[in-house]
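# Structural overview for review
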Amino acid sequence: MLIIRAREIIKPKNDNRIELICANACNLPKFQQLFDYVIALECIFSFPSRETFFQEVRKNMKTGGEFIVVDFIINDKIYYFWQKFEKQVLNRLITDTYGSKATNKVKFICL
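Report follows, based on the coordinates. For clarity, every value in this text was computed on a predicted model and none was experimentally measured.

### A look at the pairing of strand E3 (residues 61–70)
Where strand E2 (residues 35–41) lies against E3, six bridges are found, and the strand directions are parallel. Its bridge partner being in E3, Tyr37 is matched across the sheet by Glu66.

### A word on the packing of aromatic side chains
All chains considered together, the criterion is met by five aromatic pairs. Through pairs of rings, three or more aromatic residues link up here, namely Phe47, Phe53, Phe54 and Phe67.

### Examining helix H2 (residues 50–59)
At 3.6 residues per turn, the α-helix brings residues three or four places apart onto the same side. All buried positions along H2 are accounted for by Phe53, Glu56 and Val57. The buried residues of H2 occupy an angular sector of 100° when the element is viewed end-on, so they sit on one face. Residues of H2 that are exposed and angled more than 90 degrees away from the buried face: Glu51 and Arg58. If you follow the buried residues of H2, they end up packed against E2 and E3.

### Considerations on the nonpolar core
In this structure, Ile44, Phe47 and Phe53 are the most contacted members of the largest nonpolar core, which totals 15 residues. Looking at this core element by element, the count peaks at three residues for E2.

### Description of unusual backbone geometry
The backbone of Asn14 sits at a positive phi, close to 55°, despite the residue not being glycine. As for its placement among the helices and strands, Asn14 is situated in the loop between helix H1 (2–9) and strand E1 (21–22). A positive phi angle is found at Glu42, which is not glycine, with a value near 45°. Secondary-structure assignment places Glu42 in the loop between E2 and H2.

What counts and how
- Residues numbered from 1 in each chain as written.
- Predicted model: local features only at pLDDT ≥ 70, side-chain atom pairs only at ≥ 80, totals over all residues.
- Heavy atoms only, no water.
- Pairing = 2+ DSSP bridges.
- Helix = DSSP H or I, 4+ residues; strand = E, 2+ residues; numbered from the N terminus.
- Phe/Tyr/Trp six-rings, centres within 6.5 Å; stacked < 30°, edge-to-face > 60°.
- Buried < 20%, exposed > 50% of the residue type's maximum accessible area, 1.4 Å probe, protein only.
- Arc of directions from axis to C-beta.
- Contact = heavy atoms within 4.5 Å.
- Core = buried A, V, L, I, M, F, W, Y, C linked by side-chain atoms within 4.5 Å.

Here it is as structure tokens:
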């Protein structure tokens, strides 16, 4: 599982604390402590609902916390290509890796 490997590799430095969590990005638990930072690195394109994900992040982030998102932005010029790519390739890759999008269960790692 990715979370186990991440815990082996990623170590805090300079008195920082890192907590790696494996959870459904669109149905996060209510954590006891709010996060200073949330990083979503090239993952939200595969979530069933970005809006739900953003709401989940908001409820678990400190006021003034930083939310860093790196994701695909679809340009109008490549929209047609993207639709074909998503239907023919990406959906199959996501399903093979994470299971059916219909389950609303997507794995992710959040620092």
